[in-house]
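Below are the chains, spelled out letter by letter.
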Amino acid sequence: MVGRFGKFGGQYVPETIMNALIELEDEFYKAINDKDFIDEYKYYLREYSGRPTPLYFARNLTERLGGAKIYLKREDLNHTGAHKINNVLGQILLAKRMGKRKVIAETGAGQHGVATATGAAMFDMECEIFMGEEDIKRQSLNVFRMKLLGAKVTPVKTGTGTLKDAVNEAIRHWVTNIDDTFYVMGSVVGPHPYPIMVRDFQRVIGDETREQILSKEKRLPDYIVACVGGGSNSMGIFYPFINDSSVKLIGVEAAGLGIDTDKHAATMAKGSIGVLHGMMTYLLQDDEGQIMPVYSISAGLDYPGVGPEHAYLRDTGRAQYVYATDEEALSAFMDLSQIEGIIPALESAHAVAYAMKLAPSLRKDDVIVVNLSGRGDKDVNTVANVLEVEL
Amino acid sequence: MLSSVEVNNARENRIDKKFNELKKKGRKALIAFITAGDPDIDITINLVYKMVEGGADIIEIGIPYSDPLADGPIIQASSTRALKKGVKIDDIMNAVKMIRQNTDVPLVYLVYYNSIYKYGMEKFLKSAKDSGVDGLIIPDLPLEERKDMKELSEKHDIYLIPLVAPTSNDRIKKICENGKGFVYCVSTKGVTGVRNSIETDIEKYMDLVSKYTDLPKAIGFGISGPEMAKKFAPYCDGIIIGSAIVKMINDSRNNDEIFDNVANFISSVKEVI
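Okay, so let's go over this structure.

So, on to the overall build of chain B. A count of helical and extended segments in chain B gives 13 helices and nine strands. Its C-alpha atoms give chain B principal-axis dimensions of roughly 55 × 45 × 35 Å. Residues classed as buried in chain B amount to 60% of the 273 residues present. Sequence separation of at least 24 residues holds for 72% of the intrachain contacts in chain B that already meet a minimum separation of 6. With an accessible surface of roughly 11700 Å², chain B has 47% of that area assigned to carbon and sulfur atoms. With 38 positive and 39 negative side-chain charges, chain B shows a separation of 1 Å between the mean positions of the two kinds.

As C-alpha cells, this is what we get:
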C-alpha cells in the first residue's frame, strides 16, 4: 500500500488536506528526481550548513571505556546546531519550487523551529512556529533565536503544552491556510508523504557516515546508535544501512524518570499501536486511545509517538529500541563535555549514554557510530537547573 | 429466524427516514452536536431530549478525544472537560442506550479513529449498534483509509457518513460513492468553531457536490446561529451546529439555564430552515 511501512503509516487526516498531501507527494517525487533540485539541495547542505559533517573518532571516550571504538557523527556542527537543518533545506526548497511564500512548523526543543526560521529567513518566506507552552519555558534561548530570525512563535496551550500539541496546532493551522502555506514537518512522523520525505532529506547523515567509516575503518560499523523522539536523526543515519544486516541499528528512547513511572517517553518500550498525527504507529496511550502525557528532560524526545518506519523496523526486528533515563543522559552529557570537550544536546546525550553502556561489553576492534544529532548550548539552562547552579 | 421478506422489510435507517420526512415537508434537517460527558453524562442524556423537543432532527454525539485534530478551541476544551470527568466509551454507549429507549431521533457518533481502533473496531460497531446508534462520523478517516471501516459498518448496519471539503473537488465523486445517510459538507477550510462569516462560495460548492451524489447534503463547521443557517439552508438538506451549542452549555450558569438556553437556540434555528 502507498505510504505504508507494513501496517504503519497512512493518512489519517481530515479530508480538507487530502488534496494538498496528494499534491505534496507528487511534487516531492518530481523534485527528488530532478537533478537541478538535488544539486541546489546539495549546494545549500555544503555551502550553507557546512556539510559533510565529520565522523569523529572519540579517542578519549573509547580509551576511558576500554571497549569498542566510538565514532561520533558530528551533526551538532551543522549550521543552527543540529541535524534538523538537513530536512528543512529540502522542504524549504520544495516549498519554493511549489510557489509557497508561507511556511509553518512545529517544534519541541526548538531546533526544528530555529532551522525552519533560518531557512525561511534565507528564502524570504513568512514563518510561523508552533511551540508548546511548556517547551517555550524550557527552551527560552531557542525561542529568542527564532524571533531574531524573524519568525512568529505561537505558544500552544492546549493539552500538555508540548510537542504533541504543537503538531496538532500546526496541522489545524495548515487545514485553515491550506492554499498558500507549506507545512515543514520536523520529524519522520505525520501523514504520508512526510515520513518518507523527511527520511529522504535526512539520509544524507547515513550516506556520509557510510563513506566516512569505509574510508577510516575499511569496513561498516557494528553498531549505529541514535536517539529517537519522532525519529528523524535516527532514521536518517539508519536508512542507508538497512540492507547491511551486519550493522546493528539501535534507537534510544527517553526513559525520563524510569519506564515504570508515568514520567517517560519510551514509546517503543511501553506503547501500543494506534493513530495520531495522521499516522498509524506505536503510541503511549490509555485503554481508550487517549494519548498520555509524556515526559523527558529533553524537549526534543518528549513525544508520545514514533515515526511509522521505526515501528516497522522494530516489528521486523531490523532495529532494536532501548532507552536511557534522564539521569543516564545527564551523566553522559557531563562525560562527553569533560572527556571529549563536546557538549551534546540532551537528546543526543541519550544515545551517548547507551553507547557508553554498550562499548565496554564489546571487543576493541568493534566499531560503534553514535549520531551526535545536536549540540547542547540550548540545554545549558536546563542542566544548570538540575545541578542547582545559578547562571 | 427472520424470513427473507422480513429482512428486506428491515427497518429503514432512522437517518433516511428523517430526511425523507423533511423533504416531504419542504424543511431542512437541524443536526445538533454535543460532547458526551460535558458537563456530565446525565446532562448529556437530558440535553438530547431537550434538543429534540426544541426541534433538532438528528443528534450528533461527540466521543471526547485527547487530540481532536479537526476541532477548534471550543470543542477541544469541551473534550478536555469531559475527559477530566472521566467519561469512558462504555459510559457513552450506556447513555445512548438509555436515550434510545425514550426517543426515535436519529443518533450519530462523532468519533476520532483512534478511539475506535483502540476500543476494537468490531467491538465498537457492535456496541454502537446495540446502543441504537444509526451512523458514524469519523473526521480523520479519509477515503484512502476507509475500506475496513466501511465494510465493518455495513456488516453492522451502521451508516458511515462521508465527509467532503471545499478542497475536495474531483474527490467528491469517489467519497460519496456507495455513501449512506447524508454527506457532511465541511463549509470551510479550517476546524470547527463559531464564525461570523464563511468565505466559501456555498452555492457553487453545493452544486458541485450535487453533481456527484444524490445523498442529502448537510453543511457544518462555523455555523453560528439562525442567520447563517437561514442563508445556507436553500443550498442543502441539513445544517450542522456544534461549537455554538457547546459554547452555550459552557457559558450557562446552571443546569436549568443549560437546558433553556440550548432548547431556545435550537428552536430559533429550526424555525428558519
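On we go.
Turning our attention to the nonpolar core. Of all hydrophobic cores here, the largest spans 162 residues; its most connected members are B:Ile61, B:Tyr109, B:Phe124, B:Leu136, B:Met149 and B:Ile245. Excluding residues that lie within four positions of it along the chain, B:Leu136 makes contacts with B:Tyr109, B:Val111, B:Phe124, B:Leu125, B:Met149, B:Ile158, B:Tyr159, B:Leu160 and B:Ile161. The next biggest cluster of nonpolar side chains, apart from the first, holds 34 residues, and it includes A:Ile70, A:Tyr223, A:Ile339 and A:Leu358.

Attention now goes to the pairing of strand E4 (residues 69-74) of chain A. Residues and elements named next belong to chain A. For E4, the tally of buried residues reaches five of six residues, placing the bulk of the element in the interior. In the sheet, strand E3 (residues 55-57) pairs with E4 via three bridges, with the strands oriented antiparallel. What sits directly across from Phe57, in E4, is Tyr71. With six bridges joining them, E4 and strand E14 (residues 367-372) adopt parallel strand pairing. When the sheet's bridge partners are listed, Tyr71 is paired in E14 with Val369.

All right, on to the sheet that holds strand E9 (residues 238-241) of chain B then. All names here are of chain B. Spatially, the nine strands line up as an open sheet ordered E5-E4-E3-E2-E1-E9-E8-E7-E6, and their pairing is parallel. At either margin of the open sheet sits one strand with a lone partner, and together these are strand E5 (159-160) and strand E6 (163-164). The sheet contact formed by strand E1 (residues 29-35) and strand E2 (residues 58-62) spans five bridges and is parallel. In the strand pairing of E2, Ala32 is matched with Ile59.

Along the polypeptide, B:Ser187 turns up in the loop between strand E7 (183-186) and helix H10 (202-212). Among residues more than four places away in sequence, those in contact with B:Ser187 are B:Pro166, B:Ile198, B:Thr200, B:Ile202, B:Tyr205, B:Ile219, B:Gly220 and B:Phe221.

Our focus in this paragraph is the sheet that holds strand E7 (residues 152-156) of chain A. Residues and elements named next belong to chain A. Spatial strand order, E7-E6-E5-E8: four strands in an open sheet with parallel pairing. What marks the edges here is a single partner per strand, and that holds for E7 and strand E8 (181-183). If you compare each strand with its neighbour and ignore which way they point, the axes differ by 25° on average. Pairing between strand E6 (residues 126-132) and E7: five bridges, direction parallel.

If you walk through the whole model with that rule in mind, you get 18 aromatic pairs over all chains. Ring plane angle 55° and centroid distance 5.2 Å describe the contact between A:Tyr41 and A:Phe201, whose orientation is recorded as tilted. Residue A:Tyr41 is located in helix H2 (residues 35-47), and its partner A:Phe201 is located in helix H9 (residues 194-202); the two are separated by 160 residues in the primary sequence. Judged by its relative accessible area of 1%, A:Phe201 falls in the buried class. Both rings, one in B:Tyr113 and one in B:Tyr117, keep their centres 6.0 Å apart while their planes meet at 50°; by these two values the pair is tilted. Of this pair, B:Tyr113 and B:Tyr117 both sit in helix H6 (residues 113-119), four residues apart, which is roughly one turn of that helix.

With that settled, consider helix H8 (residues 163-176) of chain A. Turn by turn, an α-helix covers 3.6 residues, leaving residues three or four places apart pointing in a common direction. Residue and element names in this part refer to chain A. Here H8 contains 14 residues, and its C-alpha end-to-end distance of 20 Å stays within 8% of the 20 Å for a straight helix at 1.5 Å per residue. Counted residue by residue, H8 has eleven buried out of 14 residues, so it is predominantly covered. If you check which residues of H8 are buried, you get Leu163, Lys164, Asp165, Ala166, Val167, Asn168, Ala170, Ile171, Arg172, Trp174 and Val175.

All names here are of chain B. Here the structure, examined in full by the defined rule, presents 48 salt bridges over all chains. Here Arg14 ties to Asp104 by a salt bridge, and the two come within 3.1 Å at their closest N and O atoms. Of this pair, Arg14 sits in helix H2 (residues 14-25) while Asp104 sits in the loop between helix H5 (89-102) and strand E3 (107-110), and the two are 90 residues apart along the sequence. A relative accessible area of 16% means that Arg14 is categorised as buried. When its relative accessible area of 41% is taken as the criterion, Asp104 is described as partly exposed. Among the ionic pairs, Arg100 bridges to Asp134, the shortest N-O distance being 2.9 Å.

Time to look at the interface of chain B and chain A. In this complex, chain B contributes 35 residues to the contact, which on the side of chain A involves 36 residues. Interface area for chain B against chain A, summed over the two sides, is near 3000 Å², with a carbon-plus-sulfur share of 49%. Joining chain B to chain A, the criterion identifies four salt bridges. The partner of A:Glu15 in a salt bridge is B:Arg171, with the nearest N and O atoms 2.9 Å apart. Linking chain B with chain A are 23 residue pairs in polar contact (both at pLDDT 80 or more). Contributing elements (two or more residues each) for the side of chain B that touches chain A: helix H4 (73-84), H6, E6 and helix H9 (171-176) of chain B. Among the elements that take part in the side of chain B that touches chain A, H6(B) stands out by supplying five residues, more than any other. Class assignment for the residues of the side of chain B that touches chain A results in 18 nonpolar, eight polar and nine charged.

Calculation criteria
Residues numbered from 1 in each chain as written. Chains lettered and ligands numbered in written order. Predicted model: local features only at pLDDT ≥ 70, side-chain atom pairs only at ≥ 80, totals over all residues. Heavy atoms only, no water. Helix = DSSP H or I, 4+ residues; strand = E, 2+ residues; numbered from the N terminus. Buried < 20%, exposed > 50% of the residue type's maximum accessible area, 1.4 Å probe, protein only. Contact = heavy atoms within 4.5 Å. Areas by Shrake-Rupley, 256 points an atom, 1.4 Å probe, with all protein chains shown as cover. Lys, Arg positive; Asp, Glu negative; His and termini not counted. Charge placed at Lys NZ, Arg CZ, Asp CG, Glu CD. Core = buried A, V, L, I, M, F, W, Y, C linked by side-chain atoms within 4.5 Å. Pairing = 2+ DSSP bridges. Axes fitted to C-alpha atoms, helices over the stretch in contact; angles between N-to-C directions. Phe/Tyr/Trp six-rings, centres within 6.5 Å; stacked < 30°, edge-to-face > 60°. Expected span 1.5 Å × (residues − 1). Salt bridge = Lys/Arg side-chain N within 4 Å of Asp/Glu carboxyl O. Buried area = accessible area lost by both parts, 1.4 Å probe. Polar contact = N/O pair within 3.5 Å; in protein donor to acceptor, adjacent residues only side chain to side chain. Nonpolar A, V, L, I, M, F, W, Y, C, P; charged D, E, K, R; others polar.

No statement about biological role is implied by the geometric values presented.
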